[in-house]
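Coordinate inspection notes
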Amino acid sequence: MTTKQQLTEALKQNFGFDNFKGTQEEIMLSLLEGNDVFVLMPTGGGKSLCYQLPALISEGTAVVISPLIALMKNQVDAMRSFSADDGVAHFLNSSLNRAAIDQVKADVTAGKTKLLYVAPESLTKEENIEFLKTVSISFYAVDEAHCISEWGHDFRPEYRRIRPIINEIQERPVIALTATATPKVQHDIQKNLGMSDAKVFKSSFNRANLFYEIRPKTANVDRDIIRFIKGQEGKSGIIYCLSRKKVEELTELLKVNNIKVLPYHAGMDSATRSANQDAFLLEQVDVIVATIAFGMGIDKPDVRYVIHYDMPKSLEGYYQETGRAGRDGGEGQCITFYSAKDLRKLEKFMQGKPVIEQEIGKQLLAETAAYAESSLCRRKSLLHYFGEEFEGDYCGNCDNCLNPKKQVDAKEDLLAVLETVTALKEKFKADHIIDVMLGRETNEVRSYRHNELEVFGSAQGADRKFLNAVIRQATIAGYLDRDVENFGLIRITPEGKKYLSRPKAFKVVEDNDFTEQEEEVVLKSGAACAVDPELYSILKDLRKKVAKKHNLPPYVIFQDPSLEAMATTYPITIDELQNITGVGAGKAKRYGDEFIAVIRRHVEDNEIERPEDLRVRSVANKSRIKISIIQAIDRKIDLDELANSKCMEFGELLDEIEAIVYSGTKINIDYFINEVIDEDHQEDIFEYFKEADSDSLSEAIKELGSEYSEEEIRMMRIKFLSELGN
Ligand code: ADP
Ligand code: MG
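As a starting point, this report considers the structure included with it. (Residues numbered from 1 in each chain as written. Chains lettered and ligands numbered in written order. Predicted model: local features only at pLDDT ≥ 70, side-chain atom pairs only at ≥ 80, totals over all residues. Heavy atoms only, no water.)

1. Some details on the overall build of the protein chain
Counting its regular elements, the protein chain contains 35 helices and 17 strands. For 726 residues, the compact-globule estimate of 2.2 N^0.38 gives 27 Å, and the protein chain sits close to it at 29 Å. Its C-alpha atoms give the protein chain principal-axis dimensions of about 90 × 65 × 55 Å. When each of the 726 residues of the protein chain is scored for burial, the buried share is 53%. Summed over its atoms, the accessible surface of the protein chain is roughly 33200 Å², and 48% of this surface lies on carbon and sulfur atoms. Averaging the locations of the 94 positively and 119 negatively charged side chains of the protein chain gives two centres separated by 2 Å. (Helix = DSSP H or I, 4+ residues; strand = E, 2+ residues; numbered from the N terminus. Rg over C-alpha atoms; globule rule 2.2 N^0.38 Å. Buried < 20%, exposed > 50% of the residue type's maximum accessible area, 1.4 Å probe, protein only. Areas by Shrake-Rupley, 256 points an atom, 1.4 Å probe, with all protein chains shown as cover. Lys, Arg positive; Asp, Glu negative; His and termini not counted. Charge placed at Lys NZ, Arg CZ, Asp CG, Glu CD.)

2. Considering the sheet that holds strand β12 (residues 303–308)
One open sheet accounts for six strands, arranged β8-β13-β12-β9-β11-β10; its pairing is parallel. The sheet terminates laterally at β8 (210–216) and β10 (261–264), the two strands that pair on one side only. Averaged over neighbouring strand pairs, the angle between their axes works out to 15° when direction is ignored. Note: β12 against strand β13 (residues 332–338), four bridges, orientation parallel. What sits directly across from H308, in β13, is T336. (Pairing = 2+ DSSP bridges. Axes fitted to C-alpha atoms, helices over the stretch in contact; angles between N-to-C directions.)

3. Observations concerning the environment of N206
When you line up the elements, N206 lands in the loop between β7 (199–202) and β8. Residue N206 is classed as partly exposed on the basis of its relative accessible area, which comes to 27%. If we ignore the near neighbours within four places in the chain, the residues touching N206 are R379, L383, E388 and F390. Polar contacts involving the side chain of N206 include one to the side chain of R379, which spans 3.2 Å. (Contact = heavy atoms within 4.5 Å. Polar contact = N/O pair within 3.5 Å; in protein donor to acceptor, adjacent residues only side chain to side chain.)

4. Digging into the nonpolar core
Judged by nonpolar contacts, the single largest core of 77 residues is most densely connected at V142, Y212 and F294. If you tally residues by element for this core, the top one is helix α15 (residues 355–373), at six residues. In contact with Y212, other than residues within four places in its own chain, are R207, Y318, Y319, T322, C334, Y371, R378, R379, L382, N397, C398 and D399. (Core = buried A, V, L, I, M, F, W, Y, C linked by side-chain atoms within 4.5 Å.)

5. Re the sheet that holds strand β5 (residues 137–142)
Taken in spatial order, the seven strands line up as β3-β4-β2-β5-β6-β1-β7 in an open sheet, and their pairing is parallel. Because the sheet does not close on itself, it has two edges, and the strands there are β3 (89–92) and β7. The mean angle between the axes of side-by-side strands here comes to 20°, regardless of whether they run parallel or antiparallel.

6. A closer look at helix α8 (residues 162–169)
Turning to α8, its buried residues number three or more, namely I162, R163, I165, I166 and I169. The buried side chains of α8 occupy one side of the element, clustering within an arc of 165° when seen end-on. Each element contacted by the buried residues of α8 is listed here: β2 (61–65), α6 (120–123), α7 (126–133), β5, β6 (174–178) and α9 (183–192). (Arc of directions from axis to C-beta.)

7. Some remarks on the pattern of salt bridges
What the rule picks out here adds up to 42 salt bridges. A salt bridge links D342 to K217; the shortest N-O distance between them is 2.7 Å. Taken as a pair, D342 in helix α14 (residues 340–349) and K217 in the loop between β8 and α10 (221–230) lie far apart in primary sequence, 125 residues in all. Note that D393 and K380 form a salt bridge whose closest N and O atoms lie 3.9 Å from each other. Within this pair, whereas D393 is found in the loop between α16 (378–385) and α17 (399–402), its partner K380 is found in helix α16, the two being separated by 13 residues in sequence. Taking relative accessible area as the criterion, D393 reaches 48% and is therefore assigned partly exposed. Residues joined in a network through salt bridges with shared partners are R98, D102, K105 and E127. (Salt bridge = Lys/Arg side-chain N within 4 Å of Asp/Glu carboxyl O.)

8. Thoughts on the state of the cysteines
In total, this model carries zero disulfides according to the counting rule given. Free cysteine C241: the closest other cysteine sulfur is in C334, separated by 16 Å. (Disulfide = S-S within 2.5 Å.)

9. Some points on the packing of aromatic side chains
All told, the structure shown has 19 aromatic pairs when counted by the stated rule. Plain terms: the ring middles of Y385 and F386 are 5.4 Å apart, the flat faces sit at 80° to each other, and that makes the pair edge-to-face. Owing to a relative accessible area of 15%, Y385 belongs among the buried residues under this scheme. Summarising the aromatic geometry, the rings of F558 and F595 are spaced 4.8 Å apart at their centres and angled 85° between planes, so their arrangement reads as edge-to-face. Within this pair, whereas F558 is found in the loop between α25 (554–557) and α26 (560–569), its partner F595 is found in helix α28 (residues 585–605), the two being separated by 37 residues in sequence. For F558, a relative accessible area of 1% corresponds to the buried category. Among the aromatic residues, those joined into a cluster by ring pairs are F205, Y319, Y385 and F386. (Phe/Tyr/Trp six-rings, centres within 6.5 Å; stacked < 30°, edge-to-face > 60°.)

10. What about the site of ligand 1?
In the vicinity of ligand 1 lie 15 residues, with N19, G44, K47, S48 and D299 positioned nearest. N19 places a polar main-chain atom, nitrogen or oxygen, 2.8 Å from a nitrogen atom of ligand 1. Each residue belonging to the shell around ligand 1 can be placed in one class, and the counts come to four nonpolar, seven polar and four charged. (Near = heavy atom within 4 Å. Nonpolar A, V, L, I, M, F, W, Y, C, P; charged D, E, K, R; others polar.)

11. Some details on unusual backbone geometry
In this structure, E144 takes a positive phi of about 50° despite not being glycine. Note that E144 resides in the loop between β5 and α8. The class for E144 is buried, based on a relative accessible area of 11%. Within the chain, Y570 stands out as a residue other than glycine whose phi angle is a positive 50°. Inspection of the secondary structure assignment puts Y570 in the loop between α26 and α27 (574–578).

12. Quick look at the packing of helix α24 (residues 533–550) against α26
At a closest axis distance of 9 Å, the pairing of α24 and α26 adopts a crossing angle of 135°. On the basis of the axis angle, α24 is oblique to α26. Handedness of the α24/α26 crossing: right-handed. Counted together, L535, Y536, L539, K540 and R543 of α24 and D560, L563, E564, M566 and A567 of α26 form the full contact between these two elements. Tallied by class, the residues present in the contact of α24 with α26 amount to six nonpolar, no polar and four charged. (Parallel < 35°, antiparallel > 145°, perpendicular 65-115°, else oblique. Left-handed = near helix turned anticlockwise from the far one by under 90°.)

13. Some points on the pairing of β5
With six of six residues buried, β5 is to be regarded as a mostly interior element. Of the strand pairs in this sheet, β5 and β6 are connected by three bridges, and their pairing is parallel. The residue of β6 that forms the bridge with V142 is A176. As for the winding sense of the linkage, the β-α-β connection from β5 through α8 to β6 is right-handed. (Right-handed = clockwise from strand over helix to strand, strands pointing away.)

14. Focus on a negative patch on the surface
Taken together, the side chains of D678, E679, D680, E683, D684 and E707 define an acidic patch exposed on the protein surface. Mapped onto the secondary structure, D678 falls in the loop between α32 (670–676) and α33 (679–691). When its relative accessible area of 44% is taken as the criterion, D678 is described as partly exposed. (Patch = residues over 30% accessible without salt bridge, like charges linked within 9 Å, V, L, I, M, F, W, Y side chains within 5 Å.)

15. Digging into the pairing of β3
Each regular strand carries side chains that alternate between the two faces of the sheet. Neither face of β3 is exposed, since A89 and F91 on one face and H90 and L92 on the opposite face are all buried. Bridging between β3 and strand β4 (residues 115–118) involves four bridges; their strand directions are parallel. Bridging across to β4, F91 finds its partner in Y117. With respect to chirality, the unit in which β3 leads through helix α5 (residues 98–109) into the neighbouring parallel β4 is right-handed.

Printed below as a string of structure tokens:
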């Protein structure tokens, strides 16, 4: 019997499948011939089978290196269900006790075990290396191989030691598998596993059934999500948030809005986590709100939507997570709420990490921002990022294709870019190139004396965003190339050089402007549930009047988003008013009556039917954490310690305190301010807020200058609002 026949029969017999998916068969044959094999296949492509099946029909034991304990257990369970003997598959990881380890070793030694899953940190243990030296190994499989690369989204240092350890145990063929396929990551994997000669099988990464959409993240994001889910009756969906805290909050919010939902994150105990995961798989709940800890190795074929509450840190992550929608080839909506502010926050969090890691992190973030803001076909951009060319300009299944933007002529701009890149000897990144073109005398420009170049100021007066779009789209069109190894230096391709001597038409689409939209959408909102403009202006007038009476800036009374929310949901009792963002019990009591009265009159006069069903109820006990913060501040706990004890970044703690103060509770953090901010600074900032006509942080930073840190300003703003407003 040929190997081919053997494979087909084993496929049917063990897995019950009639046909191989994609290139599975070629991959297996190549591995069984003794080659090193490298498999790049999108999530859901069927990678596991590529080593499971060959393992079953090979002599000896296949060693499978896989990063997640939960994942191993699932796979081992699955393999056992195909066999009469539980010994057929085992795992070795830190969760096993001594007796269990001895059992595993006995089965492996007896030749019963075809697949041995090993966690990378177990593989590095001397005891296990010694044991594996005595075993007859068929081949090694390295699953989720992108963990090797710092450029992947899930770097695991122990993965770097796999090759030397394999050499020490015994050399056998290696099959590496991943769904992350940027050329850089691919290169890192092959280099690190010492398999440059491997046969590479790369499937297309196009998931034609997925619909990609990026929406601006406005103050209404929660409502947008609730409304979206309510329109997806009975369908399964995943919502990803970056922080555990957000997961908890959003879950509560969805719950009180009658959505069947459970949370999932690494801070929960493992029993609850797997119970929640099962409830989702069994469709006892429709929605899982999760951090990225959820989903690897989960095979629910009919997830109909994946929502990103926060933009992921990298496009690799984005692609992987959105990839969990529509695995069965059916509908899969991928909606991301994007705000440039979120990414800036992420960038700030990276401070303190090693410089090289920061550089990498920043570049990944920049790619993500570019993708989000671009108005090119999402599929084309995404596939280009993964080193794959998408034929044509429109996929017809993403937001940008459904709402195409007009193309504008950019021939002259492209020429200017190419000339500048040449003049800069292909040694600079996009930002610097644009500075030179705009004629900006930044320190960096001056230090290289680029202000003396002929191209300096060649695009004076142009729009930075537009030039960025030109550079990016010229990269996709193949005129420019980004040197990823060198943190994104821009080079000219041979095509680009040709273009310089023989220019032709070149059109670009301008980026979506999210800053503008962020404000617009808040004001206009969706048609079904828009801000009532008349009421909004009445409320603004009232706010002005009240502010004057108390001799306070208007924003101290209620902030704009609160007024907008009032002009949308028409609260007419104090209870309802408290449900509005930014309105706590304190403010409701102090100012509420007047506002409710005005709203009620407006509702009656205009016979408005209040949108009861659409009213988003907020969570009563999300205040738990706030209460504990208030108590800690009463006890004069240092704020940095407090942040630590709550596992928050300092900035996140300030977010919480700000929310407390804005909803009308007085808070006194003088004890801490006096310790960390010198008196002059305190005075300056305080005076600034007294004079300023808004409490905007960015305004304050701009006005006060770089001498004052953002954190200082925020703490002083808290003091100011607390003393004057509450
Ligand atoms: P990946 O690891 O590439 O994300 P998996 O190995 O988890 O994907 O496989 C995804 C799904 O495809 C699983 O449900 C698996 O059972 C199914 N599958 C794999 N190979 C085949 C095949 N030849 N025929 C039918 N279904 C398959
Ligand atoms: Mg897999």
